[in-house]
Amino acid sequence: MRGASVLLGVIAAAALAVACESLIGVDYGGEHLATCDHAEPPAAPSGSDTGNSQTFTSVIYTVDWGDSDDAQGNPRALSIGYDLDHLCTGLLDTPRCEPASWTGVTITDGTDGIDNAIGMMLHDQATAFGLRPFTSSFLTDSIQSGEQAPPGIVRVSGYSGYAVDPVVTVEWFSALKPTAKLEWDGTDVWPVRNGTADATGGSGVVSHYIDRAAYVSGYELVAHFPGGAPLALSNVPVATTTMLLTANLQQPTTGHWVLESGIVAGIGTVSELFHDTPAMSVSYAGYSEAGTPNAICTNQTALYPKIKTWFCSHLDTLLSKGPACDAASFGMSFTTRPGNVGAIAPAAPPIVYCAPGTDPTGDTCASAP
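Note that residues are indexed from 1 along each chain, following the sequence as it is written. The model is predicted, so local features are restricted to residues of pLDDT at least 70 and side-chain atom pairs to those at 80 or more, both for listing and for counting; the totals for chains, interfaces and linings are taken over all residues. Derived side-chain values reflect all non-hydrogen atoms in the structure, with water molecules and hydrogen atoms excluded from consideration.

With that settled, the discussion passes to the overall build of the protein chain. Starting at the N terminus, helices and strands are each numbered in turn, a helix being any DSSP run of H or I of at least four residues and a strand any DSSP run of E of at least two. Helix and strand content of the protein chain: 6 helices and 14 strands. For the protein chain, with 369 residues in total, the buried portion stands at 47%. Contacts are assigned to residue pairs with any non-hydrogen atoms lying within 4.5 Å of each other. Across the protein chain, every contact between residues at least 6 apart in sequence was considered, and the portion connecting residues at least 24 apart equals 70%. Values of accessible area rely on a 1.4 Å probe in the Shrake-Rupley scheme; residue burial ignores everything except the protein chains shown. A total of about 17600 Å² of accessible surface is found on the protein chain, and carbon and sulfur atoms cover 57% of it. Only protein chains enter the accessibility calculation, which uses a 1.4 Å probe; a residue is then buried when its area is under 20% of its type maximum, exposed when over 50%, and partly exposed in between.

Right under this line is the structure:
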């Protein structure tokens, strides 16, 4: 009996040591159990509003999806973004969903639980297709040349100019390509995509995507845009289900506030990716000499199955009740330059990219291609 008691005591002590190790990440001489410091934006400061004298507009000037590797050979996408589900998947936590079983893919988060499935999707282009048409450098060059619309334009109002401001207003504008050569000196104007803003008279425009409870903490701006704020990618507005924006507020010698070290992170559905595939491919590949759009449609049997597999292998979020993931997280870092919100562009006529019955819209990851 005494021997049994001693044995039970040893087992209990070992279990306690493992539990403590799991909680605090201390290595007791055996296996080191990692900890996770969830990557999240700064919390909202307490107190009342500190003033509202500052209003400025910043246009996204550079983008970085982390589609290249770092010095250690790891995808940089795994260090860009935020922990959106408060899980350190693959380290301490099991995922709430997995990609469709036919993909053979499992989910692993980035540093401190960072979720950036779209960044990893762009990183893995070469593996999927043998080439990388959509890179951060290509997208940045196209934005700066005016060939592509910026992912978004940010207008901040009601800001005090102080390091802490508990209440500011932030608008996210969906812009089109500029109609004039860009100077990037604060004088440029971008037209606003029809259906994403309202005209208020006197050339004023108010976005449909506004956070009136945004805040500044330590000169760090934090804003949330639930409900479909579009993120332009290669001139195509990709709707999101939720989007978070953070950026460091800086005031250069010009006296104009700009956003630096910015991040937009959030969730988008795979159904939106399927829907946007024809338009996005035409934005990159253009039209044939006969005027036919060079769109990727389901009847392109050599390419479309690769597109579908690429999409379905990079899902990490569950928005429905099904067992398989049906949405993807994203994280993109950015810098900005001063600019101006222009008038709302006229409504454009719909474009038919694919022959009847071959549009990817409505496709799902329920079955393999």
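Picking up where we left off.
Read once around its circumference, the closed barrel built from 8 strands follows the order 1-2-3-7-8-11-12-13, with strand pairing classed as antiparallel. In this sheet, adjacent strand axes meet at a mean angle of 30 degrees when their direction is disregarded. One bridge is not enough; two strands pair if DSSP finds at least two bridges between them. Sheet analysis places strand 8 (residues 220–226) next to strand 11 (residues 242–250), joined by 7 bridges and oriented antiparallel. Bridge pairing links His 224 to Leu 244 in strand 11. Comment: axis = line fitted to C-alpha atoms, over the contacting stretch for helices; angle = value between 0 and 180 degrees taken between N-to-C directions.

The subject of this paragraph is the pattern of salt bridges. Counted as salt bridges are all cases of a side-chain nitrogen of Lys or Arg within 4 Å of a carboxyl oxygen of Asp or Glu. Counting across every chain of the model gives 5 salt bridges. Between Asp 64 and Arg 76 there is a salt bridge, with its nearest N and O atoms 2.2 Å apart. Here the residue Asp 64 occupies a position in strand 1 (residues 54–64), and Arg 76 occupies one in the loop between strand 1 and helix 2 (117–123), the gap between them amounting to 12 residues. Owing to a relative accessible area of 18%, Asp 64 belongs among the buried residues under this scheme. In this structure, Asp 363 and Lys 308 form a salt bridge, with 3.2 Å as the shortest nitrogen-oxygen distance. With Asp 363 in the segment after strand 14 (340–344) and Lys 308 in helix 6 (residues 304–312), the pair connects residues that are 55 residues apart, well separated along the chain.

Before going further, it helps to examine the packing of helix 5 (residues 270–285) against helix 6. The geometry of helix 5 relative to helix 6 is characterised by a closest axis approach of 10 Å and an angle of 155 degrees between their N-to-C directions. In terms of their interaxial angle, helix 5 and helix 6 are classed as roughly antiparallel. Crossing geometry of helix 5 relative to helix 6 is assigned as right-handed. Across the interface between the two elements, Val 270, Leu 273, Phe 274 and Thr 277 from helix 5 touch Tyr 304, Ile 307, Lys 308, Phe 311 and Cys 312 from helix 6. Here the residues of the contact of helix 5 with helix 6 are counted per class, giving 7 nonpolar, 1 polar and 1 charged. Under this scheme an angle from 65 to 115 degrees is roughly perpendicular, one under 35 degrees roughly parallel, and one over 145 degrees roughly antiparallel; angles in between are oblique. It is the rotation of the near helix from the far one that decides the hand of a crossing: anticlockwise by less than a right angle makes it left-handed, clockwise makes it right-handed. Each residue receives one of three labels: charged for Asp, Glu, Lys and Arg, nonpolar for Ala, Val, Leu, Ile, Met, Phe, Trp, Tyr, Cys and Pro, and polar for the others, Gly being one of them.

In this structure, Ser 58 sits in strand 1. Residue classification places Ser 58 among the buried residues on the basis of a relative accessible area of 0%. If near-sequence neighbours (up to four positions away) are discounted, Ser 58 is found in contact with Ile 153, Val 154, Trp 257, Val 258, Leu 259, Thr 336 and Arg 337.

Moving on to the packing of aromatic side chains. Stacked, edge-to-face and tilted labels apply to pairs of Phe, Tyr and Trp rings (six-membered ring for Trp) whose centres lie within 6.5 Å, assigned for plane angles under 30 degrees, over 60, and everything in between, in that order. The final tally for this structure, using the stated rule, is 11 aromatic pairs. Seen in terms of ring centroids, Phe 129 and Trp 310 are 5.0 Å apart; in terms of plane orientation they differ by 80 degrees. Their pairing is edge-to-face. Within this pair, whereas Phe 129 is found in helix 3 (residues 125–129), its partner Trp 310 is found in helix 6, the two being separated by 181 residues in sequence. Judged by its relative accessible area of 10%, Trp 310 falls in the buried class. Consider the rings of Phe 138 and Tyr 284, whose centres lie 5.7 Å apart with planes at 75 degrees: the pair is edge-to-face. You can see Phe 138 sitting in helix 4 (residues 136–145) and its partner Tyr 284 sitting in helix 5, a full 146 residues away along the chain. Put simply, the rings of Phe 56, Tyr 159, Tyr 219 and Trp 257 pair up and form one aromatic cluster.

Bringing the environment of Asp 109 into the picture now. Relative to the elements of secondary structure, Asp 109 occurs in the loop between strand 1 and helix 2. For the pair Asp 109 and Cys 88, spaced 21 residues apart in sequence, the C-alpha to C-alpha distance is 6.1 Å. Once residues lying within four places of it in the same chain are set aside, the contact partners of Asp 109 are Leu 78, Asp 85, Leu 87, Cys 88, Thr 89, Ile 114 and Asp 115.

Turning to the pairing of strand 1, a few remarks are in order. Looking along a regular strand, one sees the side chains alternate between the two faces of the sheet. Among the 11 residues in strand 1, 8 count as buried, and that is most of the element. Strand direction decides the pairing type here: strand 1 and strand 2 (residues 153–159), joined by 5 bridges, are antiparallel. Looking at strand 2, one finds that Gln 54 is bridged to Tyr 159. Across 6 bridges, the pairing between strand 1 and strand 13 (residues 327–338) is antiparallel. Within strand 13, the position partnered with Val 59 by the bridge is Arg 337.

Purely geometric numbers; function is a separate question.
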